[in-house]
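Structural overview for review
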Amino acid sequence: MENEVTYTVRDYWAADYPHVADIWERTGISTPGRGDSAEVIENTLRRNGRLLVLVDKASDTVVGTSWLTNDGRRLYLHHFAIDPEFQGAGLSKPLLRESLKIAREIGLQIKLEVHRDNKKAMHFYERAGFKRLGDYDVFIIRDLSEIKE
């Protein structure tokens, strides 16, 4: 086919960070309190995490991300995002496929969080085999100075 756009999924390179951060900012995934710096990414990679990027081969541009962190018991899928300009083209499927392949190869459960208003994402993950984890709410302390003694 003429002008066929092809994509590949590969591991993150440090030079990808500006593109990755831009996608996260434009999709609303990254907010100031989250600490999504290049250093944090490198730290999770040293601890057996993976950050996959979906790359448009024609322009060598990162258009999607899937960040897997590993606590030794399960993998956590974070920051699964497709650049808004490329959404709706089915690009999330190969990226998720590669993410789940890693979970299968490592042999760990995989868990993710989805905002309750993001019905499209919920449907996508349910079709991929994810199940709701009861009626759990998620709690976090981002600012460690707020820890109560």
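In this report, the structure presented in the accompanying data block is examined. (Residues numbered from 1 in each chain as written. Predicted model: local features only at pLDDT ≥ 70, side-chain atom pairs only at ≥ 80, totals over all residues. Heavy atoms only, no water.)

What about the overall build of the chain?
- Looking only at helices and strands, the chain features 4 helices and 5 strands.
- Each helix (α) and strand (β) of the chain, taken in turn from the N terminus, gives the series β-α-α-β-β-β-α-β-α.
- The C-alpha atoms of the chain give a radius of gyration of 16 Å, which matches the 15 Å a tight globule of 149 residues would have.
- Counting only C-alpha atoms and orienting by the principal axes, one finds that the chain spans roughly 65 × 30 × 30 Å.
- Per-residue burial for the chain yields a buried fraction of 32% across its 149 residues.
- Considering only contacts in the chain between residues 6 or more positions apart, those separated by 24 or more positions represent 59%.
- Carbon and sulfur atoms make up 49% of the accessible area of the chain, which totals about 10300 Å².
- When the 22 positive and 24 negative side-chain charges of the chain are each reduced to one mean point, those points stand 7 Å apart. (Helix = DSSP H or I, 4+ residues; strand = E, 2+ residues; numbered from the N terminus. Rg over C-alpha atoms; globule rule 2.2 N^0.38 Å. Buried < 20%, exposed > 50% of the residue type's maximum accessible area, 1.4 Å probe, protein only. Contact = heavy atoms within 4.5 Å. Areas by Shrake-Rupley, 256 points an atom, 1.4 Å probe, with all protein chains shown as cover. Lys, Arg positive; Asp, Glu negative; His and termini not counted. Charge placed at Lys NZ, Arg CZ, Asp CG, Glu CD.)

Observations concerning a nonpolar patch on the surface
- On the surface, a nonpolar cluster with roughly 300 Å² of combined accessible area is contributed by I141, L144 and I147.
- Examined against the element boundaries, L144 turns out to sit in the segment after α4 (119–127).
- Judged by relative accessible area, which is 60%, L144 ranks as exposed. (Patch = residues over 30% accessible without salt bridge, like charges linked within 9 Å, V, L, I, M, F, W, Y side chains within 5 Å. Salt bridge = Lys/Arg side-chain N within 4 Å of Asp/Glu carboxyl O.)

Quick word on the nonpolar core
- Ranked by internal contacts, the top residues of the largest apolar core, which has 20 residues, are L54, L77, F80, L95, L96, Y125 and F130.
- Elements with a contribution of two residues or more to this core: β2 (50–56), β3 (61–70), β4 (74–82), α3 (92–106) and α4.
- The biggest single contributor to this core is α3, with 5 residues.
- Residues contacting L96, with those up to four places away along its chain left out, are L77, F80, F124, Y125, A128 and F130.
- One finds V20, I41, V53 and A81 within the second-largest nonpolar core, a separate group that totals 12 residues. (Core = buried A, V, L, I, M, F, W, Y, C linked by side-chain atoms within 4.5 Å.)

Considerations on unusual backbone geometry
- With a phi angle near 70°, N48 is a residue other than glycine that sits in the positive phi range.
- Position of N48 relative to the elements: it lies in the loop between α2 (38–46) and β2.
- Using a relative accessible area of 57% as the deciding quantity, one classes N48 as exposed.
- The phi dihedral of D60 falls on the positive side, at around 55°, and the residue is not glycine.
- Tracing the sequence through the fold places D60 in the loop between β2 and β3.

Brief notes about the environment of V9
- Along the polypeptide, V9 turns up in strand β1 (residues 7–11).
- Residue class for V9 comes out partly exposed when judged on its relative accessible area of 22%.
- Counting along the chain gives 43 residues from V9 to L52, while the straight-line C-alpha distance between them is 6.5 Å.
- The residues touching V9, leaving out its near neighbours within four places in the chain, are L52, V53, L54, P94, L95 and E98.

By themselves, these are just geometric observations and shouldn't be taken as functional.
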